[in-house]
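Each chain, written out:
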Amino acid sequence: MPRVTVHRKAHFNAAHRLHNPNWSDERNLEVFGKCNNQYYHGHNYELIVSLTGEIDPETGYVYDLGKLKSLIKTEIEDTFDHKNINIEVEEFKTLPVSTEYMAVVIYDKLRKRIEEKFKLKITLYETPRNFVTYEGE
């Protein structure tokens with residue numbers, strides 16, 4: 001059976017601050033620049049969730065995109081949208097709030113809900129020109 005990749009796009013807005021509490025204010029400013037603003041800053045994140053698998057001969061689907069839409073809403077959008085990630089998202093109480101770690105957290109949240117037979121890939125745009133991808137370890 002052919003393997004095909006399906007994609008679902010989503011969007012959320014969130015604020016964060018890049019900051020290492022073990023560093024001096026000067027070092028944080030040197031490394032993170034204006035992204036270290038003590039009052040935080042925001043992004044309009046674009047998320048692409050990609051699933052690769054075999055086409056189901058009965059439905060013609062690799063994965064029900066309506067089901068994927070619901071998973072993204074409950075697991076990701078409800079967690080991140082219009083939130084201060086440093087303060088309101090539990091996983092980031094102990095992790096730096098970088099786009100790289102956000103992609104890993106998103107992957108982990110969805111991987112728990114999507115069957116292992118599907119290859120999962122996360123693409124997260126922080127800006128139209130800055131984005132990361134993560135496919136698990």
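Conventions used here
- Residues numbered from 1 in each chain as written.
- Predicted model: local features only at pLDDT ≥ 70, side-chain atom pairs only at ≥ 80, totals over all residues.
- Heavy atoms only, no water.
- Phe/Tyr/Trp six-rings, centres within 6.5 Å; stacked < 30°, edge-to-face > 60°.
- Helix = DSSP H or I, 4+ residues; strand = E, 2+ residues; numbered from the N terminus.
- Buried < 20%, exposed > 50% of the residue type's maximum accessible area, 1.4 Å probe, protein only.
- Lys NZ or Arg CZ within 6 Å of the ring centre and 35° of its normal.

## Describing the packing of aromatic side chains
The description of an aromatic ring pair rests on the distance of the ring centres and on the angle between the ring planes.
Here is step 1 of the chain: Summed over all chains, the structure comprises 7 aromatic pairs.
Here is step 2 of the chain: Here the aromatic rings of F80 and F92 are separated by 6.5 Å at their centres, their planes lie at 65°, and the arrangement is edge-to-face. Here F80 is found in helix α2 (residues 65-80), whereas its partner F92 is found in the loop between α3 (85-88) and α4 (99-111), with 12 residues between them in sequence. Both residues of the pair, F80 and F92, belong to the buried class.
Here is step 3 of the chain: Ring centres of Y125 and F131 lie 4.3 Å apart, and the angle between their planes is 25°; on these two criteria the pair is classed as stacked.
Here is step 4 of the chain: Classification of Y125 by relative accessible area gives partly exposed; the value is 23%.
Here is step 5 of the chain: An aromatic cluster is present here, built from F12, Y45, F80 and F92 joined pairwise through their rings.
Here is step 6 of the chain: Lying across the ring of W23, R27 places its NZ or CZ 4.8 Å from the centre.

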